[in-house]
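Spelled out, the chains give:
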Amino acid sequence: MLWLWISLGVLLLLLLALLVHDLTQRRHAILHNFPIIGHFRYLLEAIGPELRQYIVTDNDEERPFSRDQRRWVYASSKRENNYFGFGTDNDIEHASNYLILKHAAFPLIKPEPGEPGHDPNYRLPCAKVMGAHRGRARAFRPDSLVYVSGMSYGSLGSAAVEALNRGCQIAGALQNTGEGGLSDHHRHGGDLILQIGTAYFGVRDAAGRFSLERLVETVQGTPEIRALEIKLSQGGKPGLGGLLPGSKVTPEIARVRGVEPGKTCHSPAGHREFHDADSLLDFIERLAAATGLPVGIKSAVGEMPFWVDLARLSATTGRAPDFIVIDGGEGGTGAGPLVYTDHVALPFKLGFTRVYREFTRQGLHDKIVFVGSGKLGFPIDALFACALGCDLIAVAREAMLAIGCIQAQRCHTGHCPAGIATHNRWLMAGLEPTLKAARLANYLVSLRMEMLKLCHTCGVEHPDLISPDHFEILDDRFGFSTVESVFGLDQPLPRPTPDAFERARMLMNGTIPA
């Protein structure tokens, strides 16, 4: 019996040592928040392919992000091997709407790591200058074609917001604040897009109305703010106001948002400062005149008359948004009714092509910066969005995956096991902002790298030169379709001009000023 007691004692000591290790390490939020048992998550993840192969699902069945997609983000963010072996496991010939990129016979040859001229950061600036068309005083060219989309402090915890901002600073990318206002956790060096939602959090007066004075004060005190985004709606729950329960309205969040602590705060379904396309343009020009910043809008796509009016008025009245973010109905939200997340708003590709068509008809497609959002944080999806007309790509949930999200889908409960979408101090303690910032930066750089490599495979320098001609869309009957025919477009999408090729070459060589 003595050996049994000794064995139990050794086992307890090992478990105690493992407990201490898990609680004190900062690399893995899951292990910190769930010591000892958290290791089973990594064990199950390691043998997951075998379990799914014989028991559960394959690598492409899980939603909203498949196992293959998550594995690619995780490996990229940790700078691990993000290659896959044995070839594709997709059923290419029998899948509907399957994207095929047509490679060039003679791809571009670029310096590899260790060779002269290689850029380890894979610099990928936007082809357009945001705000140039309307002559904004603080127009600028975004340094990174990929940036982090709007996720509010309140929806996310302080550690996650800080990690995102620090990661964006490392990668040279923008971070959108989300509609929850500008917090101290956004002020760690990363450039910002300040989002203005329907409740005007952070830029409102005591009565809850929009305050231009508060906005100007915020902008003047925060040089990292490079643009303003007016949020009309989001793909996850368009046409529906938001709600932050009073239990989550901490004194700090109340200060940031300009509301009362401990009291449930609502975001209305729509804006009070404007009511149609014409008054929206007045509001845009008012903000731009007061701040000098580029001003744009973010919206999901539903009815089209609004977009027809906006395009027509932008072309004929000397007023226009500097950028337009189209968020697909497949986009994310921290919490929303199932019927809204499943059935309201067009998916990104359908919505974007319809809106882009209207601005193309008015000759504005090359003057306004167009941004795509909604599950586009993967190389082929991002590049296809560029072929449709996007100049920038906004990623949100993919950025969360990069800093540790495990797709538990508990964002709405306040008990996110990865310490991201929560204000629980114990859970947040497992998320080390500086470590997770590096992982976000690694993911953003990896995404830019693979987008550039795909461009070079097609024989072009920059995603701005990728056109619908580079893609075929396969059906499940050994056929294919063009982009215009699939999306019912009555005129071809614009193709790159000879000037665009020269501009892209100079842009990537660094001979065009920022």
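Everything discussed here concerns the structure shown above.
This text gives an overview of the structure that appears in the document. Being a predicted model, the structure only gives us computed values, none of them experimental.

About the cut-offs
Residues numbered from 1 in each chain as written. Predicted model: local features only at pLDDT ≥ 70, side-chain atom pairs only at ≥ 80, totals over all residues. Heavy atoms only, no water. Phe/Tyr/Trp six-rings, centres within 6.5 Å; stacked < 30°, edge-to-face > 60°. Helix = DSSP H or I, 4+ residues; strand = E, 2+ residues; numbered from the N terminus. Buried < 20%, exposed > 50% of the residue type's maximum accessible area, 1.4 Å probe, protein only. Arc of directions from axis to C-beta. Salt bridge = Lys/Arg side-chain N within 4 Å of Asp/Glu carboxyl O. Pairing = 2+ DSSP bridges.

What to know about the packing of aromatic side chains
Reasoning step 1: Using the criterion set out here, one finds 13 aromatic pairs in the structure.
Reasoning step 2: Ring centres 6.1 Å apart and planes at 80° place the aromatic pair Trp72 and Tyr443 in the edge-to-face group. Taken together, the residues Trp72 in helix α5 (residues 67–77) and Tyr443 in helix α16 (residues 433–457) connect sequence positions 371 residues apart.
Reasoning step 3: For Tyr443, a relative accessible area of 0% puts it in the buried group.
Reasoning step 4: For the ring pair Phe384 and Phe471, a centre distance of 4.9 Å and an interplane angle of 75° mean the geometry is edge-to-face. Of the two residues, Phe384 is situated in helix α13 (residues 379–388) and Phe471 in strand β12 (residues 471–474); the sequence distance between them amounts to 87 residues.
Reasoning step 5: A relative accessible area of 2% places Phe384 in the buried class.
Reasoning step 6: Judged by its relative accessible area of 3%, Phe471 falls in the buried class.

Notes on the environment of Leu11
Reasoning step 1: Checked against the element boundaries, Leu11 lands in helix α1 (residues 2–24).
Reasoning step 2: Look at Leu11 and you get partly exposed, because its relative accessible area is 46%.
Reasoning step 3: In this structure, the C-alpha to C-alpha distance between Leu11 and Glu358, residues 347 residues apart in sequence, is 68 Å.

Details of helix α7 (residues 212–220)
Reasoning step 1: Those residues of α7 that fall on the buried side of the exposure criterion are Leu212, Leu215, Val216, Thr218 and Val219. For α7, the angular spread of the buried residues around the axis is 160°, confining them to a single face. Of the residues in α7, the exposed ones pointing more than 90 degrees away from the buried face are Glu213, Glu217 and Gln220.

Let's talk about the pattern of salt bridges
Reasoning step 1: Across all of its chains, the model carries 27 salt bridges by this definition.
Reasoning step 2: For Lys102, the salt bridge goes to Glu472, with nearest N and O atoms at 3.5 Å. Here the residue Lys102 occupies a position in the loop between β1 (98–101) and β2 (146–148), and Glu472 occupies one in strand β12, the gap between them amounting to 370 residues.
Reasoning step 3: By relative accessible area, which is 36% here, Lys102 ends up partly exposed.
Reasoning step 4: A relative accessible area of 22% means that Glu472 is categorised as partly exposed.
Reasoning step 5: For Arg495, the salt bridge identified is with Glu484, shortest N-O distance 2.6 Å. Taken together, the residues span a long stretch of sequence, with Arg495 in the loop between α17 (483–486) and α18 (498–509) and Glu484 in helix α17 at a distance of eleven residues.
Reasoning step 6: Within the structure, one salt-bridge network assembled from shared partners comprises Arg134, Arg136, Glu285 and Asp322.

Overview of the sheet that holds β12
Reasoning step 1: Read from one edge of the open sheet, three strands run β1-β12-β13, paired in antiparallel fashion. Unpaired on one side and paired on the other, β1 and β13 (480–481) mark the two borders of the sheet.

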